[in-house]
Amino acid sequence: MADTKREIERKYEGPPAGEDVRLPDLTGVSGVSGVLDKGVAELDATYYDTPDQRLAAASLTLRRRTGGADAGWHLKLPVSEGVRDEIHAPLSDTVPRSLTGLVRSRVRDAELVPLVRLLSARDIRHLVDASGALLAEVSLDRVRAERLSGGEGTAEWTEIEVELADDGDPAFLDKVEKKLRKAGLSRSSSPSKLARALGETGQTGESGKRKKSAAGAATATSPAAQAPVTAGDHVLAYLRVQRDAIVELDPAVRRDVYDSVHSMRVATRRMRSAFRSYGRVLDRTVTDPIGDELKWLAGELGLDRDQEVLTERLTAALDNLPRTLLSGPVRTRLRTWSHARGSGSRRHLIAVLDGKRYLALLAALDAIVSDPPLLKAASGDPAKVIAKAVRKDFKKVSDLVGQALDRPPGADRDLAMHEARKKAKRTRYSAETATPALGRPAADLVKSMKSLQTLLGDHQDSVMTREALRELAGQAHAAGESAFTYGVLYGREEQRAAAAEAALPGAWDAIEGQGAV
């Protein structure tokens, strides 16, 4: 079983001249009433990675550590600068399955091997307030690094680490830092002990930077890091961002982090949309099969997400109803219905992410951005090639909105508005791709399509909610319960749909007046 902790910390080192680093007196830090000596802990940590260091390239660390209060396996996932999620699993001889899954999108089929061993003597101090509550842990770490694979040699250094207490105010770290700077200390040039160990004991590239693996982001000198010039450059830059998002979101999806499933689903849709919009740039005989696989993955991700959206909408609708309109065990019926439809889907999604089909898709995405099937238009002027693709998408939206406005209210109009919503989303994504090349006109189109997508999405949500309400009403009736409340909610959803339909002509006139890029 793995536990997760949000880790907020800063590391400091002494002057380059190499003077001995010492812990300064921290009793004068604002808010600190006491500095408690917690003794010295002897820590022995072995860091694991693939032979080509895919985890290190993504700033992930996986270690097995003994000594100290939290002996066991630790996986650290970057959140932002100085902030990481640390996932802890009990001590064992092999990497726990609960952690291997979380790094699978990076590791793929490669082997995890011992990379570096760090032996640290940690002199620990606790900074506490007047009530004795912990504010931060400050440690003086004397570290010895031993390279186990992918390099050779050893390195030694001393650093100071300041870790904020759980639920602490990050601003407190600024107060501690002010004191440390006055003592001649500065922020560490390495983001972690592992990064420093790799840099000082292994093979490094120019400026001491590690080479990144094929499964990670590109190196600073690769085409990926250069400013896009051609139409193909711009499309590939957009695709690369979406590929990276899918890989990076994988651990969050497995951990059921809020909005992670939705975000990964959006990345799959953006990539698939780019394949379709820019068929003159990338060969669709190559990209269409990958697009089909992205559609499959989006569908698997949507099993839980669609149900969550419906449940949230229905719950909010019930919250807004006067008590006099609540008849029967409506909330209980909603919970039962939602649980039954979502039962097992979480386990199924994890199985999908652990499957060979998903790994094959990740490999295909890597191949698209590293060896793209470029067509002749890819070398063309983005102001012409990309703009033409965006205008083509805009025309399709215009045709579909016109069809929706021409049809009377009912199922045919619902379907036409749904198709227009999907094309508005595709046009938004193609305009996103175009924004770096075309500037303000493309950015304005992104906003317009997002607004249209929201309007049409609200309408489609109402259609889906009414279907759910019919299902709930049928179940309630079969159980001998009142179906009155479901009818009230159904009527309100009809009004919402009618309002969206009434707003569409004016909204589209404004967008059409603005025009495409």
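Residues numbered from 1 in each chain as written. Predicted model: local features only at pLDDT ≥ 70, side-chain atom pairs only at ≥ 80, totals over all residues. Heavy atoms only, no water.

## A few points about the layout of surface pockets
- Within this model, the largest pocket holds a volume of roughly 1,500 Å³.
- Forming the walls of the largest pocket are 43 residues, and the residues nearest its centre are Arg265, Arg269, His418, Arg421 and Lys425.
- At the level of secondary structure, the elements contributing two or more residues to the lining of the largest pocket comprise α7 (260–277), α8 (284–319), α13 (411–438) and α14 (440–478).
- Classifying every residue of the lining of the largest pocket by side-chain character gives nine nonpolar, twelve polar and 22 charged. (1 Å grid on protein atoms, 1.4 Å probe; cavity = no way out; pocket = protein on both sides within 12 Å on 5 of 7 lines; lining within 4 Å. Points joined across faces, edges and corners; volume = space filled by probe spheres on them. Helix = DSSP H or I, 4+ residues; strand = E, 2+ residues; numbered from the N terminus. Nonpolar A, V, L, I, M, F, W, Y, C, P; charged D, E, K, R; others polar.)

## Things to note about α13
- Between its terminal C-alpha atoms α13 stretches 38 Å, which fits the 40 Å expected from 28 residues at 1.5 Å a residue.
- Its axis deflected by about 30 degrees at Glu432, α13 carries its strongest bend there, up to four residues before the proline Pro436.
- Backbone geometry just downstream of α13 places Gly439 in the positive-phi region, at approximately 75 degrees. (Expected span 1.5 Å × (residues − 1). Bend = angle between axes of the 7 residues up to and from the residue.)

## Let's talk about the environment of Ile290
- The topology assignment puts Ile290 in helix α8.
- Along the chain, Ile290 and Val261 lie 29 residues apart, while their C-alpha atoms are 20 Å from each other.
- With residues up to four places along the chain from it excluded, the contact list for Ile290 reads Phe275, Leu361, Ala364, Leu365 and Ile368. (Contact = heavy atoms within 4.5 Å.)

## A look at helix α5 (residues 193–201)
- Burial runs high along α5: seven of the nine residues are buried.
- By the burial criterion, the buried members of α5 are Lys193, Leu194, Ala195, Arg196, Ala197, Leu198 and Thr201. (Buried < 20%, exposed > 50% of the residue type's maximum accessible area, 1.4 Å probe, protein only.)

## A few points about the pattern of salt bridges
- Tallied over the full model, the rule gives 51 salt bridges.
- Residue Glu200 pairs with Arg196 through a salt bridge whose shortest N-O separation is 2.9 Å. Of the two residues, Glu200 and Arg196 both sit in helix α5, four residues apart, roughly one turn of that helix.
- Judged by its relative accessible area of 41%, Glu200 is partly exposed.
- A salt bridge links Arg331 to Asp319, with the shortest nitrogen-to-oxygen separation between them at 3.1 Å. Here Arg331 is found in helix α9 (residues 330–342), whereas its partner Asp319 is found in helix α8, with twelve residues between them in sequence.
- On the accessibility criterion, Arg331 (34% relative accessible area) is partly exposed.
- One network of salt bridges, with partners in common, ties together Glu7, Glu9, Lys11, Arg63, Lys76, Arg84, Glu86, Arg122, Asp141, Glu159, Glu161 and Lys193. (Salt bridge = Lys/Arg side-chain N within 4 Å of Asp/Glu carboxyl O.)

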